Amino acid sequence: MNPWPFSARRIRKELTLILLLNLGCYLLFIHWDLFEKLDVWLHQHPASQLDEVLLLSFTLALSMTWFAIRRLREARQLLKALRRQAERDDITGLANRRRANQALQRETERSCRSGRRYSVLLIDLDHFKHINDSHGHLVGDRVLQRFGQVLRQRARQLDTIARWGGEEFIIVCPETEQDGALALAESISQLLRETDFDPALRVTASIGVATLADDDTPDSLVHRADICLYAAKQAGRDQVVGENHFPAAQP
Ligand SMILES: Nc1nc2c(ncn2[C@@H]2O[C@H](COP(=O)(O)OP(=O)(O)OP(=O)(O)O)[C@@H](O)[C@H]2O)c(=O)[nH]1
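Residues numbered from 1 in each chain as written. Predicted model: local features only at pLDDT ≥ 70, side-chain atom pairs only at ≥ 80, totals over all residues. Heavy atoms only, no water.

S.K.: Now, about the overall build of the protein chain: what can you tell me, with residues and values included?
M.R.: A tally of regular secondary structure across the protein chain gives eight helices and five strands. Ordered by position in the sequence, the α and β elements of the protein chain form the string α-α-α-α-β-α-α-β-β-α-β-α-β. In terms of overall size, the protein chain is more extended than a compact globule, its C-alpha atoms giving a radius of gyration of 31 Å where 251 residues would be expected to give roughly 18 Å. The proportion of buried residues among the 251 residues of the protein chain is 39%. Taking contacts inside the protein chain between residues at least 6 apart in sequence as the whole, the part at least 24 apart equals 66%. (Helix = DSSP H or I, 4+ residues; strand = E, 2+ residues; numbered from the N terminus. Rg over C-alpha atoms; globule rule 2.2 N^0.38 Å. Buried < 20%, exposed > 50% of the residue type's maximum accessible area, 1.4 Å probe, protein only. Contact = heavy atoms within 4.5 Å.)

S.K.: With reference to specific residues and values, describe the pairing of strand β3 (residues 168–173).
M.R.: Burial of β3 is extensive: six of the six residues sit out of reach of the surface. Both strand β1 (residues 119–125) and β3 contribute to a ladder of six bridges, which runs antiparallel. Across the sheet, Leu121 pairs through a bridge with Ile171, a residue of β3. The sheet contact formed by strand β2 (residues 160–165) and β3 spans five bridges and is antiparallel. Opposite Ala162, over in β3, you have Ile170 as the bridge partner. Taking the residues that link successive antiparallel strands as the turn, the β2-β3 hairpin has two residues, and the phi of Gly166 there is positive, at about 50°. (Pairing = 2+ DSSP bridges.)

S.K.: Now, about the site of the ligand: what can you tell me, with residues and values included?
M.R.: Among the 17 residues in the neighbourhood of the ligand, the closest are listed as Phe128, Asn132, Asp141, Arg163 and Arg237. Side-chain polar atom of Asp141 to a nitrogen atom of the ligand: 2.6 Å apart, as the coordinates give it. Between Arg237 and the ligand, the recorded distance is 2.8 Å, taken from a side-chain N or O atom to an oxygen atom. Elements that contribute at least two residues to the shell around the ligand include exactly β1, α5 (128–135) and α6 (137–154). Per-element accounting of the shell around the ligand gives the leading share, four residues, to α6. (Near = heavy atom within 4 Å. Polar contact = N/O pair within 3.5 Å; in protein donor to acceptor, adjacent residues only side chain to side chain.)

S.K.: Summarise the side chain of Ser206; cite the residues concerned and give the values.
M.R.: Inspection of the secondary structure assignment puts Ser206 in strand β4 (residues 205–211). Polar contacts involving the side chain of Ser206 include one to the side chain of Asp126, which spans 2.7 Å. What Ser206 contacts, discounting residues up to four positions off in sequence, is Leu122, Ile123, Asp124, Asp126, Leu229, Ala232, Lys233, Arg237, Asp238 and Gln239.

S.K.: Quick rundown of unusual backbone geometry? Include the residues and the values.
M.R.: Residue Glu175 is not a glycine yet carries a positive backbone phi of 50°. Summarising the element assignment, Glu175 is placed in the loop between β3 and α7 (178–194). Residue Glu175 is classed as partly exposed on the basis of its relative accessible area of 44%. A positive phi angle, close to 70°, is found at Asp215, a residue other than glycine.

S.K.: So what about the packing of aromatic side chains? Which residues, and what values?
M.R.: With the rule as written, the count across this model stands at one aromatic pair. In this structure, Arg97 is placed above the aromatic ring of Trp164, and the distance from its NZ or CZ to the ring centre is 4.0 Å. (Phe/Tyr/Trp six-rings, centres within 6.5 Å; stacked < 30°, edge-to-face > 60°. Lys NZ or Arg CZ within 6 Å of the ring centre and 35° of its normal.)

S.K.: Could you give an account of the sheet that holds β3, naming the residues involved and the relevant values?
M.R.: Taken in spatial order, the five strands make up an open sheet running β2-β3-β1-β4-β5, and their pairing is mixed. Taken across any chain shown, the strands that pair with only one partner, and hence form the sheet edges, are β2 and β5 (240–241). Across two bridges, β4 lies against β5 in parallel orientation. The partner of Ile207 across the bridge, within β5, is Val240. Against the sheet, helix α4 (residues 97–114) touches β1, β2 and β3, its axis set at about 125° to β2. (Axes fitted to C-alpha atoms, helices over the stretch in contact; angles between N-to-C directions.)

S.K.: So, helix α2 (residues 34–44): which residues are in play, and what are the values?
M.R.: Of all the positions in α2, only Phe35, Leu38 and Leu42 are classed as buried. All buried residues of α2 project into a common sector of 55° when viewed along the axis, lining one side. Facing away from the buried surface of α2 by more than 90 degrees, the exposed residues are Glu36, Lys37, His43 and Gln44. Buried positions along α2 lie against α1 (8–31) and α3 (52–87). (Arc of directions from axis to C-beta.)

Any functional reading would require information beyond the geometric quantities listed.
This is the structure:
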């Protein structure tokens, strides 16, 4: 990100530079006798409105305009970067929980209007603590990044993929019934099994799938997906569990 564009130090530095440049122009005008020449020209053109003060004001105004445009441009870049930071997860580059909540709210309202339901996938990496403990947090972070890429590879453009927290992810799938969401979850699990996580790690995930029901709120929908996810963990992990397919828990 660019340095903070409104620091007093930077502004002082640039204003000093502008003043020095203007002073430099003034000295050059004197050095090349330009004021004299201007005087001569003004006598020859008495109708002209131009004078020295106007000329110097013009150069000063030009530099101040340049200064203001620069500040505005930098402020815009800074706002963009801040907005990106407020919506993105640092490690994976995916949307963060805040954006996921916005997507859940938006899709719930849209479903109410259109009558078309949407689904969520709650995805949790299996035994991630073991990966961290045996390979270190940096490898753990790389696994999270790679996992984010796998999710991107499988999800549709319209879906919102977000890091829900820790090693848990959520995909919000607009206009998707339970069967479609289960198919997406299965294809993510399959791709995970085929993906080589450096250094030769095998990474699996448990996935809970829930589809919006009448009277659901975003919270109740995610809660049901969480119950499915818990059932997937209880059934031995590396599985997809939907609302109508509860497996038996492993002893
Ligand atoms: N490297 C890394 N680790 C994280 C991050 N966020 C959470 N973790 C770790 O993720 C691990 C989660 O451990 P658990 O909640 O026990 O889950 P688990 O080991 O995946 O076990 P199950 O979910 O039951 O399969 C903890 O060790 C956290 O420190 C992160 O941003 N980077």
